[in-house]
Amino acid sequence: MARPTAPGARSGTPGSPGYERPADRTALRPAVAAAVSTRRGVELALLGFAAVITTGALVLVEANQEQELTWALLYLGAAYMAILALAHLAVRRFAPYADPLVLPLAALLNGIGLVMIHRVDLAKIARAASLGNEEPAQEALRQVGWTAIGIVFFVGVLWLVPDHRTLARYGYTAGFVGLVLLALPAVLPASLSEVNGARIWIKLGPASIQPGEFAKILFVVFFASFLVVKRDLFTSAGKHFLGMTFPRPRDLGPLLVAWGVAMAVLVFESDLGTSLMFFGIVLVMLYVATERISWVIIGLTIFGAGAFAAWTFVDRVQIRVSVWLDPFADYNGRGFQVSQGIFGLATGGMGGTGLGAGRPELVPFASTDFIFTSLGEELGLVGIAALLLIYCVLATRAMRSALAVRDTFGKLLAAGLGFAIAWQVFVVVGGVINLIPNTGITAPFVSYGGSSLVANYALVAIVLRVSNAARQPAPDRRPGAAPGGGGQQAPLAPLAEASTEMVSRDQVRTPPHGHGHQEAGAGGPGAPADRSPRGRTRGE
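Small disclaimer: the values here were computed from a predicted structure and weren't measured. (Residues numbered from 1 in each chain as written. Predicted model: local features only at pLDDT ≥ 70, side-chain atom pairs only at ≥ 80, totals over all residues. Heavy atoms only, no water.)

(A) Broad picture of the overall build of the protein chain. When you go through the protein chain residue by residue, the secondary structure sums to 19 helices and eight strands. A burial count over the protein chain gives 49% of its 540 residues as buried. Of the contacts formed within the protein chain by residues at least 6 apart in sequence, a portion of 70% connects residues at least 24 apart. For the protein chain, the accessible surface area stands at approximately 25,200 Å², while carbon and sulfur atoms represent 65% of it. (Helix = DSSP H or I, 4+ residues; strand = E, 2+ residues; numbered from the N terminus. Buried < 20%, exposed > 50% of the residue type's maximum accessible area, 1.4 Å probe, protein only. Contact = heavy atoms within 4.5 Å. Areas by Shrake-Rupley, 256 points an atom, 1.4 Å probe, with all protein chains shown as cover.)

Below is the structure:
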């Protein structure tokens, strides 16, 4: 691709009549930046679309259950739309250039989950009435309350974190707090932490929280900060084998520490899901930082060895594996939940039974761990595929922000958070369809539960903060770049909106006017510079 030229310029050598004079990019940049749109109107329209889908689905559930349209349904829809409006105003105020698809995607997943939770509530109420029992509390109303709390956390993160790079200053603090949150259920009495054999909760009277959901975000912040500072340690040359470069043995310490933490969670808390989540995030962030597949191979090898040892000595892991291998061997016992979930998915078939026309209450924990079987029964394979596609787009938008942002810390942070969403969905869905042993963790935004919902809204807020930094126009600080002087700075188009520019090697080696300065990394002055090709060719 040739560099743009000024109107009427000709090609040639300097000083010759046919010399090609480069175009004045300084004069073009203000016009490009002026065309950059915040696209908040697109976000508002998509949020309205999500609210319409949620409200319409609630009406379908009531209609198929032959229920009257009560005021409770109106309260659910109105509260949901009011919460979304508050979130939109917060983004418009604190992150005006953020990705316009991230929040609507999260809101749509939240709305779909709210519909299914309400559907399960109706089934439980009908069953209690047939048995003459007292009507159970409606989880859908509680979910709306947890959504409001999640939006409060969402707004708080956007307000308290004006620049995502400030999180790098607290990387080690985040890692320490994450370890404390992860280990706390293991040291508490079983009466305060154990639910269905897994010690992953902290019970506070009638309420309970799952600290692992918050630890997940803290660990991503810690590893992003750690890998920026210690990147040279992980990219040091080692032995070459089978076309791959393996790290030196003395550089395996951080990976072994992460492996030890994952194994401790698996053994002492009997929680396979959190162990998989934690170690998977560490491996992917190592790969993103080093681009070496050898780290992934070593990590999977040592994790497989640890998992085999846990299967040999830990009873709960043995039970999960035996149910995974043959869920129908003990149909009325340990394999009942997985078997019923498989039957529910089979009943749904391709198109599903329709919202409100299935029997999701026959599966234990139909609104939490196994909400995907409830959705699969009533929406079918088509509905589940659409739901997974929404998750894929959400994770992809986070990855796109990681590609577009200039600083290395932001790249690792957004990539880690995006992968955390995708990996958690894989672990949940894989356990439900019996692809992997059931882990018991909840689906982001969809399953009933306060801890997961609040933590994931905080996660989305951090992703929006990174995408805002990637898309907002950057000031051009080169001398003479501002038209007319006066100390003003002409804005540059953000990387997310900019077109590709070809820069010669000579320009990369010796930038014009001496403006090849390295951008300060996430760790401030002295941190490693951003070595990404886009950051180098665009310049500052």
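(B) Representation of the packing of aromatic side chains in the model. Tallying each qualifying case throughout the model produces 15 aromatic pairs. Between Phe 222 and Phe 226 the ring centres are 5.8 Å apart and the planes differ by 25°, which places this aromatic pair in the stacked class. Of this pair, Phe 222 and Phe 226 both sit in helix α8 (residues 211-229), separated by four residues, roughly a single helical turn. (Phe/Tyr/Trp six-rings, centres within 6.5 Å; stacked < 30°, edge-to-face > 60°.)

(C) Quick look at the nonpolar core. Core analysis: the largest hydrophobic core is formed by 125 residues, its most contacted members being Phe 154, Phe 372, Tyr 391 and Leu 413. Counting residues per element, this core draws most heavily on helix α16 (residues 408-432), at 14 residues. Beyond its immediate chain neighbours, meaning those up to four positions away, Leu 413 contacts His 164, Leu 167, Val 220, Val 221, Ala 224, Ile 462 and Val 466. (Core = buried A, V, L, I, M, F, W, Y, C linked by side-chain atoms within 4.5 Å.)

(D) Structural detail: helix α14 (residues 336-348). The terminal C-alpha atoms of α14, which comprises 13 residues, lie 18 Å apart, in line with the 18 Å expected from a rise of 1.5 Å per residue. Within the sequence span of α14, burial applies to Gln 337, Val 338, Ser 339, Gln 340, Gly 341, Gly 344 and Gly 348. The inward-facing, buried residues of α14 abut α13 (315-325) and α15 (371-404). Of the residues one or two after α14, Gly 349 is the one with positive phi, at around 60°. (Expected span 1.5 Å × (residues − 1).)

(E) Looking closely at the pattern of salt bridges. In this structure the tally under the stated criterion is seven salt bridges. Ionic pairing is found between Arg 40 and Glu 43, a salt bridge with its closest N-O pair at 3.0 Å. With Arg 40 and Glu 43 both in helix α2 (residues 40-64) and three residues apart, this pair spans about one turn of that helix. We note that Arg 40, like Glu 43, is buried. Between Arg 397 and Asp 99 there is a salt bridge, with its nearest N and O atoms 2.8 Å apart. One end of the pair, Arg 397, is in helix α15; the other, Asp 99, is in the loop between α3 (71-94) and α4 (102-131), and 298 residues separate them in sequence. As far as the burial class goes, Arg 397 and Asp 99 line up, both buried. (Salt bridge = Lys/Arg side-chain N within 4 Å of Asp/Glu carboxyl O.)

(F) Looking closely at the side chain of Ser 452. Within the secondary structure, Ser 452 sits in helix α17 (residues 450-471). A relative accessible area of 6% places Ser 452 in the buried class. Polar side-chain contacts of Ser 452 include one of 3.4 Å to the side chain of Thr 442. Once residues lying within four places of it in the same chain are set aside, the contact partners of Ser 452 are Glu 213, Thr 442, Ala 443 and Pro 444. (Polar contact = N/O pair within 3.5 Å; in protein donor to acceptor, adjacent residues only side chain to side chain.)

(G) Expanded view of the packing of α14 against α15. At a closest axis distance of 6 Å, the pairing of α14 and α15 adopts a crossing angle of 20°. As the angle between them shows, α14 and α15 are arranged roughly parallel. Note that α14 runs across α15; the crossing there is left-handed. In this structure, α14 uses Gly 341, Gly 344, Leu 345, Thr 347 and Gly 348 to contact α15, whose residues at the interface are Phe 372, Thr 373, Gly 376, Glu 377 and Gly 380. For the contact of α14 with α15, the class distribution of residues is two nonpolar, seven polar and one charged. (Axes fitted to C-alpha atoms, helices over the stretch in contact; angles between N-to-C directions. Parallel < 35°, antiparallel > 145°, perpendicular 65-115°, else oblique. Left-handed = near helix turned anticlockwise from the far one by under 90°. Nonpolar A, V, L, I, M, F, W, Y, C, P; charged D, E, K, R; others polar.)

(H) Fine view of a nonpolar patch on the surface. Where nonpolar side chains cluster on the molecular surface, the patch consists of Tyr 287, Val 288, Ile 293 and Ile 297 and spans about 310 Å² of accessible area. Of all elements in the fold, only α11 (272-290) and α12 (293-313) reach the threshold of two or more residues within the nonpolar patch. (Patch = residues over 30% accessible without salt bridge, like charges linked within 9 Å, V, L, I, M, F, W, Y side chains within 5 Å.)

(I) Seen up close, the packing of α4 against helix α5 (residues 139-160). In the contact formed by α4 and α5, the axes pass within 8 Å of each other and the chain directions differ by 160°. If you check the angle between α4 and α5, you find them roughly antiparallel. As for how α4 packs across α5, the hand of that crossing is right-handed. On the side of α4, the interface is formed by Leu 103, Asn 110, Leu 114, Ile 117, His 118, Asp 121 and Lys 124, while α5 contributes Glu 139, Ala 140, Gln 143, Val 144, Thr 147 and Phe 154. Residues belonging to the contact of α4 with α5 are distributed by class as follows: six nonpolar, four polar and three charged.

(J) Region of interest: unusual backbone geometry. Look at Asn 434: it is not a glycine, yet its phi comes out positive at around 70°. Among the secondary structure elements, Asn 434 is positioned in the loop between α16 and α17. Positive phi is not limited to glycine here, since Phe 445 has a value of about 70°. Along the chain, Phe 445 turns up in the loop between α16 and α17. Of the residues examined, Phe 445 reaches a relative accessible area of 1% and is grouped as buried.

(K) Fine view of the environment of Ile 125. Topologically, Ile 125 is positioned in helix α4. Separated by 13 residues in the primary sequence, Ile 125 and Gln 138 have C-alpha atoms spaced 8.6 Å apart.

(L) Region of the structure containing the confidence of the model for the protein chain. Averaged over every residue, the pLDDT of the protein chain is 78; residues scoring 70 or more account for 75%. No element of the protein chain has a lower mean pLDDT than helix α19 (residues 533-538), at 39, and none a higher one than α15, at 94. Low pLDDT, under 50, characterises residues 1-35; the predicted model gives this stretch 45 contacts beyond four residues in sequence or across chains. Throughout residues 482-488 the model reports pLDDT below 50, and contacts reaching past four residues in sequence, or to other chains, amount to five contacts. (pLDDT = per-residue confidence, 0-100.)

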